[in-house]
Amino acid sequence: MNAPSLSENERKLLRCLLRFYREIGPGATPGLKGLDEEAGLNRWETSEAVSGLRAKGLIEYWELQPAVRLTPEGLRAVLLLPEEGDA
(Lines give C-alpha, C1' and ligand atoms only; values in the text may rest on other atoms or scores of the structure.)
Protein backbone atom coordinates (compact mmCIF):
# COMPACT_ATOMS: atom_id res chain seq x y z
CA MET A 1 0.00 0.00 0.00
CA ASN A 2 1.33 3.44 -0.92
CA ALA A 3 0.82 6.51 1.22
CA PRO A 4 -1.97 8.68 -0.21
CA SER A 5 -1.20 12.10 -1.64
CA LEU A 6 -1.51 14.51 1.26
CA SER A 7 -0.83 18.19 1.83
CA GLU A 8 1.70 19.16 4.47
CA ASN A 9 -1.13 20.29 6.78
CA GLU A 10 -2.97 16.99 6.30
CA ARG A 11 0.23 15.12 7.23
CA LYS A 12 0.67 17.29 10.33
CA LEU A 13 -2.90 16.63 11.44
CA LEU A 14 -2.62 12.88 10.80
CA ARG A 15 0.60 12.72 12.84
CA CYS A 16 -1.08 14.65 15.65
CA LEU A 17 -4.03 12.23 15.62
CA LEU A 18 -1.58 9.31 15.69
CA ARG A 19 -0.07 10.73 18.89
CA PHE A 20 -3.56 10.79 20.46
CA TYR A 21 -4.16 7.24 19.18
CA ARG A 22 -0.92 6.01 20.77
CA GLU A 23 -1.52 7.81 24.08
CA ILE A 24 -5.26 7.13 24.51
CA GLY A 25 -6.04 4.18 22.25
CA PRO A 26 -8.15 3.46 19.17
CA GLY A 27 -11.14 5.37 20.55
CA ALA A 28 -9.18 8.62 20.84
CA THR A 29 -11.50 11.35 19.60
CA PRO A 30 -9.95 14.75 20.31
CA GLY A 31 -12.09 17.84 19.99
CA LEU A 32 -11.14 20.34 17.32
CA LYS A 33 -10.77 23.12 19.86
CA GLY A 34 -7.05 23.28 20.59
CA LEU A 35 -6.17 20.63 18.02
CA ASP A 36 -4.74 23.31 15.75
CA GLU A 37 -2.14 24.18 18.39
CA GLU A 38 -1.36 20.50 19.01
CA ALA A 39 -0.79 19.95 15.28
CA GLY A 40 1.14 23.21 14.80
CA LEU A 41 -1.47 24.65 12.44
CA ASN A 42 -3.58 27.79 12.22
CA ARG A 43 -7.31 27.34 12.72
CA TRP A 44 -8.10 27.73 9.00
CA GLU A 45 -5.32 25.25 8.11
CA THR A 46 -6.82 22.74 10.52
CA SER A 47 -10.25 23.25 8.97
CA GLU A 48 -8.87 22.65 5.47
CA ALA A 49 -6.90 19.59 6.63
CA VAL A 50 -9.99 18.12 8.33
CA SER A 51 -12.04 18.64 5.15
CA GLY A 52 -9.37 17.02 2.97
CA LEU A 53 -8.79 14.05 5.26
CA ARG A 54 -12.51 13.53 5.71
CA ALA A 55 -13.05 13.54 1.93
CA LYS A 56 -10.30 10.91 1.59
CA GLY A 57 -11.94 8.74 4.26
CA LEU A 58 -8.94 8.98 6.59
CA ILE A 59 -10.77 10.52 9.55
CA GLU A 60 -14.25 10.50 11.02
CA TYR A 61 -15.80 13.84 12.00
CA TRP A 62 -18.46 14.60 14.57
CA GLU A 63 -20.14 17.99 14.09
CA LEU A 64 -21.82 18.19 17.49
CA GLN A 65 -18.63 18.16 19.52
CA PRO A 66 -16.85 18.87 16.96
CA ALA A 67 -14.24 16.11 17.12
CA VAL A 68 -12.24 13.85 14.82
CA ARG A 69 -10.85 10.31 14.93
CA LEU A 70 -8.61 8.24 12.67
CA THR A 71 -10.35 5.63 10.55
CA PRO A 72 -8.58 2.30 9.98
CA GLU A 73 -7.53 3.66 6.56
CA GLY A 74 -6.21 6.82 8.21
CA LEU A 75 -4.15 4.79 10.66
CA ARG A 76 -2.63 2.77 7.82
CA ALA A 77 -1.90 5.96 5.86
CA VAL A 78 -0.18 7.77 8.72
CA LEU A 79 1.95 4.73 9.49
CA LEU A 80 3.22 4.80 5.87
CA LEU A 81 4.34 8.43 6.13
CA PRO A 82 8.05 9.09 6.63
CA GLU A 83 9.06 10.31 10.07
CA GLU A 84 8.76 14.09 10.49
CA GLY A 85 12.51 14.66 10.24
CA ASP A 86 12.80 12.42 7.18
CA ALA A 87 10.25 14.25 5.02
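Quick look at the structure, then.

Cut-offs applied
- For every chain, the first residue of the written sequence is number 1, and numbering continues from 1 along that sequence.
- Per-residue local features of the predicted model are confined to residues with pLDDT of at least 70, and side-chain atom pairs are confined, for both listing and counting, to 80 or more; whole-chain, interface and lining totals are unaffected and use all residues.
- Calculated side-chain values reflect all of the structure's heavy atoms, with hydrogen atoms and water omitted.
- Helix and strand definitions here come from DSSP, where helices need a minimum of 4 consecutive H or I residues and strands a minimum of 2 consecutive E residues; each element is numbered from the N-terminal end.
- Two things to know: the radius of gyration comes from C-alpha atoms, and the globule rule equals 2.2 Å times the number of residues to the power 0.38.
- All accessible areas in this document rest on Shrake-Rupley with a 1.4 Å probe, and a residue is counted as covered only by the protein chains that are shown.
- His residues and chain termini do not enter the charge count, which takes Lys and Arg as positive and Asp and Glu as negative.
- The location of each charge is read from NZ of Lys, CZ of Arg, CG of Asp or CD of Glu.
- Between the N-to-C directions of two axes lies an angle of 0 to 180 degrees, each axis being a line fitted to C-alpha atoms and, for a helix, fitted only over the stretch in contact.
- For classification, angles of less than 35 degrees are called roughly parallel, those exceeding 145 degrees roughly antiparallel, those between 65 and 115 degrees roughly perpendicular, and all remaining angles oblique.
- Only heavy atoms matter for contacts: two residues are in contact if any of them lie within 4.5 Å across the pair.
- Ten residue types, Ala, Val, Leu, Ile, Met, Phe, Trp, Tyr, Cys and Pro, are classed as nonpolar, four, Asp, Glu, Lys and Arg, as charged, and the remainder, Gly among them, as polar.
- Definition of nonpolar core: a set of buried residues of the types Ala, Val, Leu, Ile, Met, Phe, Trp, Tyr and Cys, connected through side-chain atoms within 4.5 Å.
- Burial status follows relative accessibility: with a 1.4 Å probe on protein chains alone, a residue under 20% of its type maximum counts as buried, one over 50% as exposed, and anything between as partly exposed.
- Any N or O atom pair separated by 3.5 Å or less is treated as a polar contact, with the protein-specific requirement of one donor-capable and one acceptor-capable atom, and with residues adjacent in sequence counted only for side-chain atom pairs.

Section: the overall build of the chain
Of the regular secondary structure elements, the chain holds 4 helices and 2 strands. Scanning the chain from its N terminus toward the C terminus, one meets helices and strands in the order α-α-α-β-β-α. A globule of 87 residues ought to have a C-alpha radius of gyration of about 12 Å, and the chain, at 12 Å, matches this closely. Across its three principal axes, the chain shows a C-alpha extent of roughly 35 × 25 × 25 Å. If you sum the accessible surface of the chain, you get close to 5400 Å²; carbon and sulfur atoms cover 48% of it. Once the 11 positive and 14 negative side-chain charges of the chain are each reduced to a mean point, those two points are 2 Å apart.

Here's the deal with the packing of helix H1 (residues 8-24) against helix H3 (residues 43-55)
Two quantities define a packed helix pair, namely the angle between the axes and the distance from one axis to the other. Here H1 crosses H3 at 85°, and the two axes come no closer than 9 Å. It follows from the interaxial angle that H1 and H3 lie roughly perpendicular. Contact residues: H1 offers Asn-9, Glu-10, Leu-13 and Leu-14, while H3 offers Glu-45, Thr-46, Ala-49, Val-50, Gly-52 and Leu-53. Grouping the constituent residues of the contact of H1 with H3 by class yields 5 nonpolar, 3 polar and 2 charged.

Regarding the nonpolar core
With 23 residues, the main nonpolar core has Leu-13, Leu-14, Leu-17, Leu-35, Leu-53, Ile-59 and Val-68 as its most contacted residues. Taken together, the elements giving at least two residues each to this core come down to H1, helix H2 (35-39), H3, strand E2 (67-70) and helix H4 (72-80). It is H1 that contributes the most residues to this core, 6 residues altogether. Apart from residues lying up to four places away in sequence, Leu-17 is in contact with Pro-30, Leu-35, Ile-59, Val-68 and Leu-70.

Description of the side chain of Arg-15
Relative to the helices and strands, Arg-15 resides in helix H1. There is a polar contact of 2.7 Å between the side chain of Arg-15 and the backbone oxygen of Pro-82.

Considering the environment of Asp-36
Within the secondary structure, Asp-36 sits in helix H2. Apart from the residues lying within four places of it in its own chain, the contact partners of Asp-36 are Leu-41, Asn-42, Arg-43 and Thr-46.

Focus: the side chain of Glu-10
With respect to the helices, strands and loops of the structure, Glu-10 is situated in helix H1. Glu-10 sits in the buried class, given a relative accessible area of 7%. Dropping the residues within four chain positions of it, Glu-10 is found in contact with Ser-5, Ala-49, Gly-52, Leu-53 and Lys-56.

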